[in-house]
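Each chain is listed here by its residues.
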Amino acid sequence: MSETDKALAAVSSPTTSRSVTETVNGSHRFVIQGYSLAKGMGIGKHIASENFTVGGYQWAIYFYPDGKNPEDNSTYVSVFIALASEGTDVRALFELTLLDQSGKGKHKVHSHFDRSLESGPYTLKYRGSMWGYKRFFRRQLLETSDYLKDDCLKINCTVGVVVSAIDCSRLHSIQVPDSDIGAQFGMLLENMEGSDVIFNVAGEKFNAHKLVLAARSPVFRSDFFDGSEGAQEILITDMEPKVFKAMLYFIYRDALMEDELVVSSSSSVSSVSDTLTAKLLAAADKYDLGRLRRMCESHICKDISVNSAAETLALADRCHATELKITCLRFAAENLAAVMRSDGFEYLKENCPALQSELLKTVAGCEEDCSSGGGKSRSVWAQLSDGGDTSGRRLRQRT
């Protein structure tokens, strides 16, 4: 070792540290459908959004159609953001936005962000603490404004939880790029380079690679290496080309064709089973693609409604989609009266009697939750007695 090297080795590398205080931000949109029906529920009574997580805490939006303050005599609607999980002295910034639905962009915004706060961020002392406005908007003006459209209000909420940390990074660092293996395998599929098998799906042909398919799917692995499937061209008779294409896209890229799924879910298909996502779920079940199955379950779960719950339950059972099935059972049990009046429930009675038995067991479980005081929903039998909600809209799922 030279004298210069020894000198460099004797000098330790400099280090730095700094305290960083910043906000962890997250947003939630709360859609209030049927505003006119919510009026008259009583001063101080609210409609709550689903809980959402920001900065490690649960939050919820409370909307008071008749106001929160008795002294205002229902002149104003009130909106608050509440800390919905355990916490002590949680410091945060908030923003509430009532969306202008005319397209003019004249939203009503109350925000802590992008302005100086004399006393700093707002502090919520404990679970149930709230920040918001008792006089958020004069009700008479609201009902003739562009904020209310088709009896619907939309409220955006942004929460910024204040966090502090010590950054002890060294002066120099090298950024490691995100993995692009999915993009690289995707190019392999698009270029068809080195492909050694062709799938014929309703006359449309897809080139692929046996090793890639076998690595991703136990079914393909068995077909190619344990079975007798040695043909260069394989005929697929039980799947549409667009479904097989979406499945190949996932196998190579480990991602969904989001644009295709959005178009499918928004189109006027007659039933859940006819959507691309539902057909892709069936393909995932056939080829034992566990991650694809779960991703499809997650997409379908977002669209569960009174009219679709029974059919979605049957689909989940047929495709061994355990998480989706559990969600459907809970949703159907908690909105039983309305679900029983849907066309899908008639299909369930005629074709899936075993699922009816599972639904009754879930109903019994919900009743136990309600009787013990642990459930948020009304008694299932109370729903039946008053006729339930048959509008077909999505009702709140329990968490």
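Data block above holds the structure.
I will try to describe carefully the structure that is included in this document. (Residues numbered from 1 in each chain as written. Predicted model: local features only at pLDDT ≥ 70, side-chain atom pairs only at ≥ 80, totals over all residues. Heavy atoms only, no water.)

**What about the pairing of strand β12 (residues 204-208)?**
Move 1: When strand β11 (residues 197-201) meets β12, the two strands line up antiparallel, connected through five bridges. Bridging across to β12, F199 finds its partner in F206.
Move 2: Counted between consecutive antiparallel strands, the loop separating β11 from β12 contains two residues, among which A202 sits at a positive phi close to 55°. (Pairing = 2+ DSSP bridges. Helix = DSSP H or I, 4+ residues; strand = E, 2+ residues; numbered from the N terminus.)

**As for the pattern of salt bridges**
Move 1: A complete count under the given rule lists 18 salt bridges for this structure.
Move 2: Linking R253 and E190 is a salt bridge whose minimum nitrogen-to-oxygen distance equals 2.9 Å. Of this pair, R253 sits in helix α7 (residues 241-253) while E190 sits in helix α4 (residues 181-191), and the two are 63 residues apart along the sequence.
Move 3: With a closest N to O distance of 3.4 Å, K349 and E346 form a salt bridge. With K349 and E346 both in helix α14 (residues 343-351) and three residues apart, the pair spans about one turn of that helix.
Move 4: According to the relative accessible area criterion, E346 is partly exposed, its value standing at 36%. (Salt bridge = Lys/Arg side-chain N within 4 Å of Asp/Glu carboxyl O. Buried < 20%, exposed > 50% of the residue type's maximum accessible area, 1.4 Å probe, protein only.)

**Some thoughts on α7**
Move 1: With 13 residues, α7 extends 18 Å from end C-alpha to end C-alpha; this agrees with the ideal 18 Å at 1.5 Å per step.
Move 2: Buried residues of α7: P241, V243, F244, A246, M247, L248, F250, I251 and Y252, and no others.
Move 3: Just downstream of α7 lies D254, where phi reads positive at about 55°. (Expected span 1.5 Å × (residues − 1).)

**Thoughts on the packing of α7 against helix α9 (residues 276-286)**
Move 1: Contact pair α7 / α9: the axes reach a minimum separation of 9 Å and the direction vectors enclose 65°. As α7 runs across α9, the sense of the crossing is right-handed. Along its contact with α7, which presents K242, V243, A246 and M247, the element α9 presents L276, K279, L280 and A283.
Move 2: Partitioning the contact of α7 with α9 into residue classes produces six nonpolar, no polar and two charged. (Axes fitted to C-alpha atoms, helices over the stretch in contact; angles between N-to-C directions. Left-handed = near helix turned anticlockwise from the far one by under 90°. Contact = heavy atoms within 4.5 Å. Nonpolar A, V, L, I, M, F, W, Y, C, P; charged D, E, K, R; others polar.)

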